[in-house]
Amino acid sequence: MDLLLGLALLDGLAYAAQVFMVAVGLTLIFGVMRVLNVAHGSFFAIGGYLAASIGVFIAAQKLPPALAFGGLVLSAALVGGILGSLVEALLLARIYAKEQVLQLLVTFALFMILEDVQKLIWGVQPIFEDTPVKLLGTVDVPFGDDTITYTAYQLFLLPAVAAATLVGLVLFLRRTLTGRLIVAVTLDREAATAMGIDAQKIYLLTFAFGAFLAALGGALASPTTALVPGVGTNMIVLSFAVVATAGLGKIEGAMLAALLLGIGRSIAVYFAPEFEVVVPYLIMVAVLLVRPQGLFGVVETRRV
Amino acid sequence: MRQPVHLLPPGLALVTGLVTAAVVLPWLRFVLTIAMAKALAVLGILLLLRAGQVSFGHALYITVSAYTVAFVAQNAWLADIVLLLPTGIAMSAALGLLVGLFVARYRDIFFGMLNLAFSMVFYSLLEKAYHITHGTDGIRVPLPRIAGITLDRVPYEWAIFGIALSLACGAAFVCHRYLRSPAGQALAGIKTRETRLEFAGLSARRVLLLAYVLSAALAGAGGAIIACATRHVTPLLGYWTASGELVFIAILGGAGSVLGPLFGAVAFELVRVYAAAAFANTWQMILGAVLLGIILFAARGLWGIYEDLFARRARA
């Protein structure tokens, strides 16, 4: 019983870290651009696939295995920098004037297209490449009277990256000029533009960065799970739940909500497996029932 | 001001076209039946779109109704379409009322996400409760009678096609009237400025709730027909991408008219069947590209294109 609870907590922590990486990008993009990006799950999946491919390439070329960590970051940078920028510049930049429903659907269409692109490039067979996990080895975690042997990758690296992302992002938004410009556009786009801020540029930057975070989440997840078609779909739905639970646009809240939903989910995995998928939504519905704007959301005065 | 385009000529043309297509190309009969079933659900989406709300979970009501039909039909005594259809619709409407009481308090993204959440919860319950629902294998629906008469396969398919087509046309007419009624007109008020609606003495929540229950019932009608036509129900009917598909069809057809969903659903199913046959691995990509094209270049959908053509001819 205790042992299972310990495992559930550890799994939940590792899983929450992955979900956070996707959810934080989603909430950042929403905060700045007011677009809920359905294609965010595709960035997660493509980041994971690309990282696995780079990992396989490194192994095949007999390069030092430690390069695999570089491969994770490289794949995320490629997805964010190239795919993310292209999507924003060619597609989203054309639709900011349209209705919100249509903006949502544009990203949905993009999601449909990217799903098939993944299948075309990487096929439908599961792909698994776990060099980074093996490299870091395992740790014995004391838990009550028992010890749990757990991979160091999931125990230290994933939460560390997530925590670093959170702290880095908050500092970036508050302390740097670019970060403050982003916040300015978030708060009032018109006023910011009138002050001479190039909102288009901020949008491009934010979207590419959000895509980078999602792809990094996927890349980090790839050594721990087999990649199959649909992996992005499950992730996007869950990170929607995280973002809504936290309150739209709330970065620190997303971390707490990710922990809440991630740990809730893995407790369900161990103790009531049939409810695995349901638990995150039940938590979300429960939260929204009490706080309709999410845990940290503020009630927005409707602008005329 | 734009002259209102009459609905009757294009509506009659659509019905004639569909019946002719089903007679000439028998394999299209099934495709068109499913298209009409989806059109019913999309009509429900259209009602919500009028209020500026988009539900990413309406496949829930299709699934509830389809599974209700599947379960009830297991009992040979009750397996009659005359009974199955209303039961499915009633179940969906009842659930719609229950969920609606909750979601009608929310707007925009939260409205969409909560609908998504409810549909995903139901989807995973169907998938996991193997001993009741047979999980992803789904349930076979025994051939139901139609008003006490047991039909062979081909006449049965014709009958379902006829029922689907007349239900879709009937529902389009009812929606048309509803949208012109005060309760329907108030939906637009939710989209533009809700406070104004409240000042006029109308409860925005009640206005939206009524539309929501109607939309659930419409999706239920679609679900019951899908169950009777495919005679096999699986949880996949309620996956969130199926809900996305409904919104897709609404935009494709055009949210400006109740005939939009009918045209949209026919176009969607035809593109899907052809794309799936010709490009087995990339049909989703093709659908996505079509959706992008519609949004970027013809945001009022197929109906908007028709309206433009018609208006131009009238002026000339």
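Each residue is numbered by its place in its chain's sequence as written, counting from 1. As they are written, the chains are lettered A onward and the ligands numbered 1 onward, keeping that order. Per-residue local features are limited, in this predicted model, to residues with pLDDT of at least 70; the limit for side-chain atom pairs, both in listing and counting, is 80 or more; totals at the level of whole chains, interfaces and linings are taken over all residues. To obtain the side-chain values, all non-hydrogen atoms of the structure were included, while hydrogens and water were left out.

J.: What exactly am I supposed to notice about the interface of chain A and chain B here?
T.: Many authors give the size of an interface as the accessible area that is lost as the parts come together. Only heavy atoms matter for contacts: two residues are in contact if any of them lie within 4.5 Å across the pair. Of the residues lining the interface, 45 residues belong to chain A; the matching set on chain B comes to 45 residues. For any pair of parts, buried area is found by adding up, for both, the accessible area (1.4 Å probe) each one loses once the two are put together. When the area that chain A buries against chain B is broken down by residue, the three leading residues are A:Leu105, A:Phe108 and A:Met112, summing to 14%. By salt bridge we mean one thing: a side-chain nitrogen of Lys or Arg within 4 Å of a carboxyl oxygen of Asp or Glu. Summed over the shared surface of chain A and chain B, the number is one salt bridge. Salt-bridge contacts for A:Glu99 lead to B:Lys191; the nearest nitrogen and oxygen are separated by 3.5 Å. We define a polar contact as two N or O atoms separated by no more than 3.5 Å, with the added condition that, inside protein, one atom must be a possible hydrogen donor and the other a possible acceptor, whereas residues neighbouring each other in sequence contribute only through side-chain atom pairs. Counting across the interface, chain A meets chain B through five residue pairs in polar contact (both at pLDDT 80 or more). If you tally residues by element for the side of chain A that touches chain B, the top one is helix 4 (residues 100-122) of chain A, at 16 residues. Classification convention: Asp, Glu, Lys, Arg as charged; Ala, Val, Leu, Ile, Met, Phe, Trp, Tyr, Cys, Pro as nonpolar; all other residues, Gly among them, as polar. The class makeup of the residues in the side of chain A that touches chain B is 32 nonpolar, four polar and nine charged. Here a strand is any run of E in DSSP of at least two residues, a helix any run of H or I of at least four, and the numbering for each starts at the N terminus.

J.: Teacher, can you tell me more about the pairing of strand 1 (residues 138-143) of chain A here?
T.: Each regular strand shows side chains that alternate between the opposite faces of the sheet. All names here are of chain A. Strands qualify as paired when DSSP identifies two bridges or more between them. Relative to strand 2 (residues 146-151), strand 1 runs antiparallel, the two being bridged by six bridges. Across the sheet, the residue bridging to Phe 143 is Asp 146, located in strand 2. Count of turn residues in the strand 1/strand 2 antiparallel hairpin: two residues, of which Gly 144 carries a positive phi of about 65 degrees.

J.: Please explain the packing of helix 2 (residues 28-50) of chain B against helix 10 (residues 204-230) of chain B as it appears in this structure.
T.: Relative orientation and spacing of two packed helices are given, respectively, by the angle between their axes and the distance between those axes. The convention used is that axes are lines fitted to C-alpha atoms, helices contributing only their stretch in contact, and that angles between N-to-C directions extend from 0 to 180 degrees. Running from amino to carboxyl end, helix 2 of chain B crosses helix 10 of chain B at an angle of 170 degrees, the nearest separation of the two axes being 7 Å. One element, helix 2 of chain B, and the other, helix 10 of chain B, form an angle in the roughly antiparallel class. Should an angle fall under 35 degrees it is called roughly parallel, over 145 degrees roughly antiparallel, and 65 to 115 degrees roughly perpendicular, with every other angle called oblique.

J.: Is there a simple way to think about the state of the cysteines in this case?
T.: Disulfide: a covalent bond connecting the sulfur atoms of a pair of cysteines. Residues and elements named next belong to chain B. Any cysteine sulfur atom paired with another within 2.5 Å is treated as part of a disulfide. Taken as a whole and judged by the stated rule, the model has zero disulfides over all chains. Cysteine Cys 169 is unpaired, with the sulfur of Cys 175 as its nearest cysteine sulfur at 12 Å. Note on classification: 1.4 Å probe, protein chains only; a residue is buried when its accessible area is under 20% of the maximum for its type, exposed when over 50%, partly exposed between these limits. When its relative accessible area of 28% is taken as the criterion, Cys 169 is described as partly exposed. No disulfide involves Cys 228; its sulfur sits 18 Å from the nearest other cysteine sulfur, which is in Cys 169. Its relative accessible area of 2% is what places Cys 228 among the buried residues.

The quantities given are spatial measurements derived from coordinates; they are silent on function.
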